[in-house]
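# Inside the fold
Spelled out from the first residue to the last, the chains are:
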Amino acid sequence: MSTNIPADTEENEKRVRAFYEATVPGHREALRGLQAPHVVYDLPEGMPIGCGHFEGLQDVLERFLTSFYGALDVRFIAEEFISAGENVVALGRIQGKTRKAAVPVDVPFAHVWTVREGYLQRLRAFADTALLAHALAKD
């Protein structure tokens, strides 16, 4: 049975799947090798932590990930992937707890990735920011 999916599309989806596998604590070092050094993250302005525009892996690591994982002990569980050429959409949930008071976190997300030349180049993230803010307000 032929699926007629271009090889690049399949490879791009594999890269995005590998990203979510690497968000598991203890495996996060692999995230560096999956993303381009000049990766761009665009995160919703309503995010209670780590919102806005980030350019470059160092900026993502220092300004976003440090504050995000400093406040939340979570992982991103991608449940569905929709791939079209260089774009891969991941639908899933952010699950875990807040760090201070261990308030449960279970927030749906949609991430739109752009993959070129074998690297994740851009992330446009969408999440229920009100649920994150609510959990952190209880923290």
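### Some points on the overall build of the protein chain
Secondary structure assignment for the protein chain yields 4 helices and 6 strands. Taken from the N to the C terminus, the helices and strands of the protein chain come in the order α-α-β-β-α-β-β-β-β-α. Taken against the 2.2 N^0.38 rule, which gives 14 Å for 139 residues, the C-alpha radius of gyration of the protein chain at 15 Å falls within 12% of a compact globule. Projecting the C-alpha coordinates of the protein chain onto the three principal axes gives extents of approximately 50 × 35 × 30 Å.

### Notes on the environment of Gly92
Relative to the helices and strands, Gly92 resides in strand 4 (residues 87-98). In sequence terms Gly92 and Phe76 are 16 residues apart; their C-alpha atoms lie 7.1 Å from each other. If sequence neighbours within four positions are ignored, Gly92 has contacts with Ile77, Ala78, Glu79, Val107, Pro108 and Phe109.

### Observations regarding empty space enclosed by the protein
One pass over the full model with this rule turns up 1 cavity of 30 Å³ or more. The space that makes up the largest cavity amounts to roughly 190 Å³. Taken together, 19 residues line the largest cavity, and the ones lying closest to its centre are Tyr41, Phe64, Phe76, His111 and Leu123. Where the lining of the largest cavity is concerned, the elements lending two or more residues are strand 1 (35-43), helix 3 (57-71) and strand 6 (119-127). For the lining of the largest cavity, the class distribution of residues is 16 nonpolar, 3 polar and no charged.

### A short note on the nonpolar core
In this structure, Val16, Tyr20, Tyr41, Phe68, Leu72 and Trp113 are the most contacted members of the largest nonpolar core, which totals 38 residues. Sorting elements by how many residues they give to this core places helix 3 first, with 7 residues.

### Regarding the sheet that holds strand 3 (residues 72-84)
Here we have 6 strands laid out as an open sheet, ordered 2-1-6-5-4-3, and mixed in their pairing. With one partner strand each, in any of the chains shown, strand 2 (52-55) and strand 3 form the two edges of the open sheet. Strand-to-strand, the axes of this sheet are offset by a mean angle of 20°, without reference to chain direction. Helix-sheet contacts for helix 3 involve strand 1, strand 2, strand 3 and strand 4, and the interaxial angle to strand 3 is about 125°. Strands strand 3, strand 4, strand 5 (104-116) and strand 6 of the sheet are contacted by helix 4 (residues 129-137), whose axis makes an angle of about 135° with strand 5.

About the thresholds
Residues numbered from 1 in each chain as written. Predicted model: local features only at pLDDT ≥ 70, side-chain atom pairs only at ≥ 80, totals over all residues. Heavy atoms only, no water. Helix = DSSP H or I, 4+ residues; strand = E, 2+ residues; numbered from the N terminus. Rg over C-alpha atoms; globule rule 2.2 N^0.38 Å. Contact = heavy atoms within 4.5 Å. 1 Å grid on protein atoms, 1.4 Å probe; cavity = no way out; pocket = protein on both sides within 12 Å on 5 of 7 lines; lining within 4 Å. Points joined across faces, edges and corners; volume = space filled by probe spheres on them. Nonpolar A, V, L, I, M, F, W, Y, C, P; charged D, E, K, R; others polar. Core = buried A, V, L, I, M, F, W, Y, C linked by side-chain atoms within 4.5 Å. Buried < 20%, exposed > 50% of the residue type's maximum accessible area, 1.4 Å probe, protein only. Pairing = 2+ DSSP bridges. Axes fitted to C-alpha atoms, helices over the stretch in contact; angles between N-to-C directions.

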